[in-house]
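Understanding the architecture of this molecule
Spelled out, the chains give:
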Amino acid sequence: MEVCWQIQRPASLRPGFQEKGRVKINTFSVGFFPRSISSIASLESQYKSNGFLHQITASADFSRKKQGRMAASGPKSSGPRGFGRRTTVGSAQKRTQKKNGEKDSNATSTATNEVSGISKLPAAKVDVQKQSSVVLNERNVLDRSDIEDGSDRLDKKTTDDDDLLEQKLKLERENLRRKEIETLAAENLARGDRMFVYPVIVKPDEDIEVFLNRNLSTLNNEPDVLIMGAFNEWRWKSFTRRLEKTWIHEDWLSCLLHIPKEAYKMDFVFFNGQSVYDNNDSKDFCVEIKGGMDKVDFENFLLEEKLREQEKLAKEEAERERQKEEKRRIEAQKAAIEADRAQAKAEIQKRRELLQPAIKKAVVSAENVWYIEPSDFKAEDTVKLYYNKRSGPLTNSKELWLHGGFNNWVDGLSIVVKLVNAELKDVDPKSGNWWFAEVVVPGGALVIDWVFADGPPKGAFLYDNNGYQDFHALVPRKLPEELYWLEEENMIFRKLQEDRRLKEEVMRAKMEKTARLKAETKERTLKKFLLSQKDVVYTEPLEIQAGNPVTVLYNPANTVLNGKPEVWFRGSFNRWTHRLGPLPPQKMEATDDESSHVKTTAKVPLDAYMMDFVFSEKEDGGIFDNKNGLDYHLPVVGGISKEPPLHIVHIAVEMAPIAKVGGLGDVVTSLSRAVQELNHNVDIVFPKYDCIKHNFVKDLQFNRSYHWGGTEIKVWHGKVEGLSVYFLDPQNGLFQRGCVYGCADDAGRFGFFCHAALEFLLQGGFHPDILHCHDWSSAPVSWLFKDHYTQYGLIKTRIVFTIHNLEFGANAIGKAMTFADKATTVSPTYAKEVAGNSVISAHLYKFHGIINGIDPDIWDPYNDNFIPVPYTSENVVEGKRAAKEELQNRLGLKSADFPVVGIITRLTHQKGIHLIKHAIWRTLERNGQVLSSLIDL
């Protein structure tokens with residue numbers, strides 16, 4: 001009997017090979033099997049041929065990128081592109097085959113592919129059990145040992161038969177595999193192709209064999225041939241393997257490789273282990289991998305891997321920081337213990353010195369003045385202290401009180417007792433009138449200190465203080481003095497430690513609360529920003545998460561696209577620089593709530609940190625809504641990429657708190673801090689006035705000096721409110737005037753400064769992304785930079801100019817508006833007010849009003865040391881009341897529940913002085929109080 005296994009050849013074969021072939025396989029029986037095998041295919045369902053021919057392609061893009069490292073095919077061609085070094089391979093490598101999912105990429109083609117999970121033919125075992133049952137029925141009764149022996153022999157025979165069947169199946173599969181490979185080798189040789197892979201349909205997470213015909217290769221005279229490659233454009237899991245000779249004629253070599261599950265393409269070259277390569281005529285060899293990831297999937301996989309790596313690194317960094325913090329805490333605790341111990345010793349030394357005079361003066365009694373019973377006592381005993389009223393100035397007092405302490409009043413007044421008449425019968429009334437008080441001797445007392453008075457504390461008028469020496473009595477049974485002082489030192493030390501612990505807990509709680517409040521404020525601010533333009537655009541969810549879809553909702557009724565029949569969404573990520581390029585234009589659909597909004601959904605990549613978009617009336621353009629040239633930008637959270645930091649340099653002549661005249665100084669500081677908190681790099685170039693408040697400058701150090709404008713300019717660097725500031729100190733004395741403004745040559749002083757600042761940036765090698773100049777005083781930066789410095793390589797720098805007050809230096813401001821790339825002012829309202837001014841109107845396309853804010857760290861009432869009660873929203877009434885009362889007390893105002901109005905401003909029309917004047921009178925009419933700090937009176 002014959003069984004035929006049909007093998008389908010691929011359509012790409014030549015006509016002579018396009019017919020179906022048949023492989024004849026003799027049937028066989030297993031042991032006492034009552035039935036034969038009808039088909040190998042019916043037994044081996046897991047074995048499937050993948051066909052014969054696979055398309056081999058070349059990666060031209062990769063060749064262009066790496067042309068310098070690759071030469072044309074030839075005996076001395078250079079190494080492959082995509083690798084910086086070559087792996088040295090020995091003369092022999094171990095090659096083992098692994099089963100059940102373990103892949104050996106070092107195995108050669110002489111090793112066969114093993115197939116796991118082959119059926120053990122359960123039907124055969126059923127027949128064996130049936131036959132065993134028949135035997136038992138015929139013999140009726142058998143010895144138990146005979147049954148077991150027979151069963152063992154039967155099981156052994158079944159196992160042997162199964163093994164034999166499996167071996168025959170393996171042999172047939174190997175023969176079939178070899179025939180397929182030999183056919184492929186012959187076909188490729190006939191076409192002049194020197195390389196092929198088997199199976200021809202390459203799938204991820206499987207083994208393949210790579211074959212090379214050495215006679216057709218540039219390596220035909222090389223004793224050693226190796227393959228070197230990687231996956232997915234040389235970006236994933238590189239490998240190097242030695243090729244071994246095969247059974248196929250015509251000098252075919254091969255090796256076994258494992259395809260990783262993430263692969264969509266395999267790129268490789270052949271070489272001799274040194275410098276001779278076969279790199280497919282400088283295009284490298286490549287094999288497409290089917291059924292797995294594509295390029296986009298792999299990019300996303302890499303991003304997920306990067307995200308996991310970042311999370312791992314973040315955890316490791318957090319652990320390192322925790323360990324560092326723990327080390328710092330231990331070191332700080334050790335230093336604190338040493339400091340507290342030293343303070344305790346110093347305190348004890350001071351007490352000992354103060355106590356010595358009292359010990360010298362102390363006695364056990366004073367004849368006819370005072371005595372103590374019992375005379376032999378110790379600390380914490382109760383004694384009676386007797387006093388002769390007629391011995392001193394209290395003879396006529398109606399009451400007698402003892403005001404006392406111990407150890408030279410170390411704890412101040414700690415004993416207050418009223419004396420009573422002792423009514424001693426054996427005492428002459430003319431010589432003595434004795435009174436006594438029961439006193440508990442303080443613990444740790446070496447000496448008891450007291451005076452007598454005619455009343456309690458704060459109610460006494462007349463005292464007997466032993467002639468200004470006070471009374472002092474020794475404690476007879478006291479601790480040894482050294483032991484006492486040691487215990488006192490330990491007590492002081494413990495108290496210092498406890499005070500420090502409580503203080504640290506309060507500080508830690510305050511820091512945690514500050515961080516929480518700051519995070520909540522930041523979250524509210526972001527939410528407010530995201531909702532601020534909801535009448536035009538918003539997203540669901542409101543906070544865009546990397547790696548997740550987001551729905552963009554747009555209301556064209558409030559934009560230039562009002563009434564348009566279609567609205568198209570055009571977007572990208574990372575300020576239009578994302579690696580995947582812009583998203584395809586998407587036609588937006590109406591929302592379900594029948595509002596004027598339209599919507600569309602986009603998938604946010606894992607490496608996004610910003611979502612950018614505009615809207616248009618047509619797929620190919622037409623009218624755009626691009627937010628007046630700014631585009632729409634919304635932050636993305638949770639991604640693996642962060643926005644690259646910008647370098648911003650402010651050139652300004654005011655800065656709070658070191659040299660502030662008006663709001664300009666506040667903005668320079670607070671804006672710089674806010675931008676720096678967004679992880680951008682900020683520097684400030686500033687004149688080194690002789691009137692700077694140096695107490696607000698930290699780490700001021702000489703930086704360098706340079707010559708420009710006919711003078712030496714010294715540069716100093718320091719930190720102001722956490723900001724990097726470069727102070728320019730020209731030796732011509734321009735800023736040694738004792739003031740910021742008010743000199744006749746102010747325009748010349750600040751013009752010189754602007755030019756000197758740009759020269760400093762050039763000579764210092766600075767290449768800022770943004771130069772920010774302010775008002776007329778640093779306006780010259782805009783045109784000086786464009787006229788004199790762009791040709792020196794500072795071509796990427798953009799100029800931002802901010803108008804704080806248009807009342808001064810209009811000519812300079814107008815010129816700066818011409819040269820600036822962007823211009824801003826202090827609020828949208830002020831922008832509208834000045835939009836008609838001739839120096840502004842021609843530049844409205846680049847002029848934007850951005851409202852000034854305050855620095856929440858500097859102006860934080862919870863961490864303000866200048867107010868009596870720190871407060872948050874939880875105790876704002878209490879805090880403000882305390883601040884108001886303190887202000888009234890300091891200024892000598894009546895402390896009452898009156899409204900208090902504070903005015904800090906310049907008296908100019910621009911500040912609304914006419915409104916302030918009206919408000920002052922109305923406040924006074926209502927019994928209010930008005931406080932002012934007025935400038936330019």
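Residues numbered from 1 in each chain as written. Predicted model: local features only at pLDDT ≥ 70, side-chain atom pairs only at ≥ 80, totals over all residues. Heavy atoms only, no water.

**A word on the overall build of the protein chain**
Cut-off, in case you're wondering: Helix and strand assignments follow DSSP, with helices taken as H or I runs no shorter than four residues and strands as E runs no shorter than two, numbered in order from the N terminus. Throughout, a residue-residue contact means that at least one pair of heavy atoms, one from each residue, lies within 4.5 Å. All accessibility values rest on the Shrake-Rupley procedure with a 1.4 Å probe; residue burial counts only the protein chains present in the view.
The number of helices and strands found in the protein chain is 15 helices and 42 strands. Looking at the protein chain alone, contacts between residues at least 24 apart form 66% of all its contacts between residues at least 6 apart. By element, 52% of the accessible surface of the protein chain is carried by carbon and sulfur atoms, the whole surface being about 52000 Å².

**Details of the pattern of salt bridges**
Operational definition: Within this document, salt bridges are pairs made up of a side-chain nitrogen of Lys or Arg and a carboxyl oxygen of Asp or Glu, the two lying within 4 Å of each other. Note on exposure labels: buried denotes an accessible area under 20% of the residue type's maximum, exposed denotes more than 50%, and partly exposed covers the range between, all computed with a 1.4 Å probe on protein chains only.
In total, this model carries 51 salt bridges according to the counting rule given. One salt bridge in this structure joins Glu166 and Lys170, with 3.9 Å as the shortest N-O distance. Taken together, the residues Glu166 and Lys170, both in helix H4 (residues 144-191) and four residues apart, mark about one turn of the helix. Assessed through its relative accessible area of 18%, Glu166 is described here as buried. Among the residues examined, Lys170 registers a relative accessible area of 34% and is labelled partly exposed. Note that Glu505 and Arg501 form a salt bridge whose closest N and O atoms lie 2.5 Å from each other. Remark: Arg501 and Glu505 occur in helix H6 (residues 481-532); sequence separation between them is four residues, near one turn of the helix. Judged by its relative accessible area of 34%, Glu505 is partly exposed.

**Here we look at the packing of aromatic side chains**
Applied cut-off: Two rings from Phe, Tyr or Trp (for Trp, the six-membered ring) form a pair when their centres sit within 6.5 Å of each other. Planes less than 30 degrees apart are called stacked, planes more than 60 degrees apart edge-to-face, and all others tilted. Here, over-ring charges are defined by two tests on the NZ atom of lysine or the CZ atom of arginine: distance to the ring centre within 6 Å, and angle to the ring normal within 35 degrees.
The final tally for this structure, using the stated rule, is 41 aromatic pairs. Members of the aromatic cluster, each reached through a chain of ring pairs, are Phe686, Tyr689, Phe727, Phe735, Tyr741, Phe750, Phe753 and Trp776. In this arrangement the basic side chain of Lys534 is found over the ring face of Tyr538, its NZ or CZ atom lying 4.9 Å from the centre. Between the NZ or CZ atom of Arg749 and the centre of the ring of Phe750, over which it lies, the distance is 5.1 Å.

**Observations regarding the pairing of strand S35 (residues 711-720)**
Rule in force here: What makes two strands pair is DSSP finding at least two bridges between them.
Taken together, the eight bridges between strand S34 (residues 698-708) and S35 define a ladder with antiparallel strand orientation. The residue of S35 that forms the bridge with Trp708 is Thr711. Between S34 and S35, which pair antiparallel one after the other, the connecting turn spans two residues, and Gly709 there sits at a positive phi close to 65 degrees. In this sheet, strand S36 (residues 723-730) lies alongside S35 in antiparallel orientation, the contact comprising eight bridges.

**Here we look at the sheet that holds strand S27 (residues 589-590)**
Pairing within the open sheet is antiparallel, and its four strands lie in the order S22-S24-S28-S27. The sheet is open, and its two edges are formed by strand S22 (537-540) and S27, each paired on a single side. Bridge count between S27 and strand S28 (residues 598-603): two bridges; the pairing is antiparallel. Within S28, the position partnered with Ala590 by the bridge is Val598.

**Some remarks on the side chain of Lys513**
Put simply, the test is: Here a polar contact is taken to be a pair of N or O atoms separated by no more than 3.5 Å, where protein atoms must pair a possible hydrogen donor with a possible acceptor and residues adjacent in sequence count only if both atoms sit in side chains.
Within the element layout of this structure, Lys513 appears in helix H6. By relative accessible area, which is 18% here, Lys513 ends up buried. Within the local environment of Lys513, its side chain forms a polar contact with the side chain of Glu874, the two groups lying 2.9 Å apart. Among all residues touching Lys513, those that are not within four sequence positions of it are Tyr862, Thr872 and Glu874.

**A word on the pairing of strand S6 (residues 226-231)**
Regular strands place their side chains on alternate faces of the sheet. Most of S6 is tucked away: six of the six residues are buried. Residues Leu226, Met228 and Ala230 line one face of S6 and the alternating positions Ile227, Gly229 and Phe231 line the opposite face, and both faces are buried. Linking S6 to strand S7 (residues 236-242), which pair antiparallel, is a turn of four residues; within it Asn232 sits at a positive phi near 60 degrees. The pairing of S6 with strand S10 (residues 265-271) spans six bridges and is classified as antiparallel. From the neighbouring strand, Ile227 faces S10, where its bridge partner is Phe270.

**With respect to the nonpolar core**
Here is the rule: Buried Ala, Val, Leu, Ile, Met, Phe, Trp, Tyr and Cys residues form a nonpolar core when they are joined through side-chain atoms within 4.5 Å.
If you look at the biggest cluster of nonpolar residues, it comprises 64 residues, and the most contacted ones within it are Ile651, Phe686 and Leu728. Beyond its immediate stretch of four places on either side in the chain, Leu728 contacts Val685, Phe686, Pro687, Lys688, Tyr706, Ile713, Lys714, Val715, Phe753, Ala756, Ala757 and Phe760. With 28 residues, the next largest nonpolar core counts Val210, Leu212, Leu257 and Ile289 among its residues.

**Remarks on the sheet that holds S34**
Heads up, the rule is: Helix axes are fitted only over the stretch in contact, all axes being lines through C-alpha atoms; the angle between N-to-C directions runs from 0 to 180 degrees.
Judged by pairing direction, the sheet is mixed, and its nine strands sit side by side in the order S34-S35-S36-S33-S32-S37-S38-S39-S40 without closing on themselves. With partners counted over all chains shown, the strands left at the sheet margins are S34 and strand S40 (847-849), one partner each. Across the sheet, the mean angle from the axis of one strand to that of its neighbour is 25 degrees, orientation sign disregarded. Relative to strand S39 (residues 822-825), strand S38 (residues 798-803) runs parallel, the two being bridged by four bridges. Paired with Phe801 across the bridge in S39 is Ala823. In the packing of helix H7 (residues 663-677) onto the sheet, contacts are made with strand S32 (647-651), strand S33 (681-687), S36 and strand S37 (770-774), and the angle to S33 comes to roughly 155 degrees. Along the sheet, helix H8 (residues 746-763) contacts S32, S33, S34, S35, S36 and S37; its crossing angle with S34, the most-contacted strand, is approximately 95 degrees.

**Side note on H8**
The following threshold applies: Expected helix span is taken as 1.5 Å per residue step, with the number of steps being one fewer than the number of residues.
For H8, with 18 residues, the first-to-last C-alpha span of 25 Å sits near the 26 Å given by 1.5 Å per residue. In terms of residue burial, H8 counts as a mostly covered element, since 13 of its 18 residues are buried. Positive backbone phi, at 80 degrees, marks Gly765, one or two positions downstream of H8.

**Thoughts on a nonpolar patch on the surface**
Condition: Two distance rules govern patches: like charges are joined within 9 Å, and nonpolar side chains (Val, Leu, Ile, Met, Phe, Trp, Tyr) within 5 Å, applied only to residues with over 30% relative accessible area and no salt bridge.
On the surface, Leu479, Leu483 and Leu486 cluster together into a nonpolar patch covering about 240 Å² of accessible area. As for its placement among the helices and strands, Leu483 is situated in helix H6.

**Describing the packing of helix H5 (residues 295-361) against H6**
The cut-off we apply is this: With respect to orientation, any angle under 35 degrees is reported as roughly parallel, any angle over 145 as roughly antiparallel, any angle of 65 to 115 as roughly perpendicular, and every other angle as oblique. Crossings are assigned a handedness: left-handed for a near helix turned anticlockwise from the far helix by less than a right angle, right-handed for a clockwise turn. All amino acids are sorted into three groups, where Ala, Val, Leu, Ile, Met, Phe, Trp, Tyr, Cys and Pro are nonpolar, Asp, Glu, Lys and Arg are charged, and the leftover types, Gly among them, are polar.
H6 packs onto H5 with a crossing angle of 135 degrees between their chain directions and a minimal axis gap of 8 Å. By the angle between their directions, the pair H5 and H6 is classed as oblique. For the pair H5 and H6, the crossing hand works out as right-handed. Partitioning the contact of H5 with H6 into residue classes produces 10 nonpolar, four polar and 11 charged.

**Concerning the confidence of the model for the protein chain**
Under the convention used in this document: For every residue, the pLDDT score states the predictor's confidence, bounded by 0 at the bottom and 100 at the top.
Taken residue by residue, the protein chain gives an average pLDDT of 83. The fraction at 70 or more is 82%. Per-residue pLDDT stays below 50 along residues 1-144; that stretch engages in 268 contacts with residues further than four places along the chain or on separate chains.

**Here's the deal with unusual backbone geometry**
Between Tyr198 and Pro199 the backbone carries a cis peptide bond, its omega angle lying at -5 degrees. You can see Pro199 is positioned in the loop between strand S4 (195-198) and strand S5 (207-213). Residue Glu540 is joined to Pro541 through a cis peptide bond whose omega torsion reads 0 degrees. Positionally, Pro541 belongs in the loop between S22 and strand S23 (544-545). Not every positive phi belongs to a glycine, and Ser282 is a case in point at roughly 70 degrees. Structurally, Ser282 can be placed in the loop between strand S11 (277-278) and strand S12 (285-288). Overall, the relative accessible area of 8% leaves Ser282 in the buried class.

**A short note on the environment of Phe760**
Along the chain, Phe760 falls in helix H8. In this structure the C-alpha to C-alpha distance between Phe760 and Val715, which are 45 residues apart in sequence, comes to 8.7 Å. Not counting residues within four places of it along the chain, the set of residues in contact with Phe760 comprises Val685, Arg704, Tyr706, Val715, Tyr726, Leu728 and Phe766.

**A few points about the side chain of Ser572**
Within the element layout of this structure, Ser572 appears in strand S25 (residues 568-573). Residue class for Ser572 comes out buried when judged on its relative accessible area of 2%. At 3.4 Å, the side chain of Ser572 forms a polar contact with the backbone oxygen of Gly581.

**Focus: the packing of helix H10 (residues 780-788) against helix H11 (residues 810-819)**
Where H10 contacts H11, the axes come no closer than 8 Å and their chain directions differ by 45 degrees. When the axis of H10 is compared with that of H11, the two are oblique. In this structure, the crossing between H10 and H11 has a hand that is left-handed. Only Ala812, Lys815, Ala816 and Phe819 of H11 make contact with H10, whose side of the interface consists of Ser782, Trp783, Lys786 and Asp787. Taken together, the residues that form the contact of H10 with H11 break down as four nonpolar, one polar and three charged.

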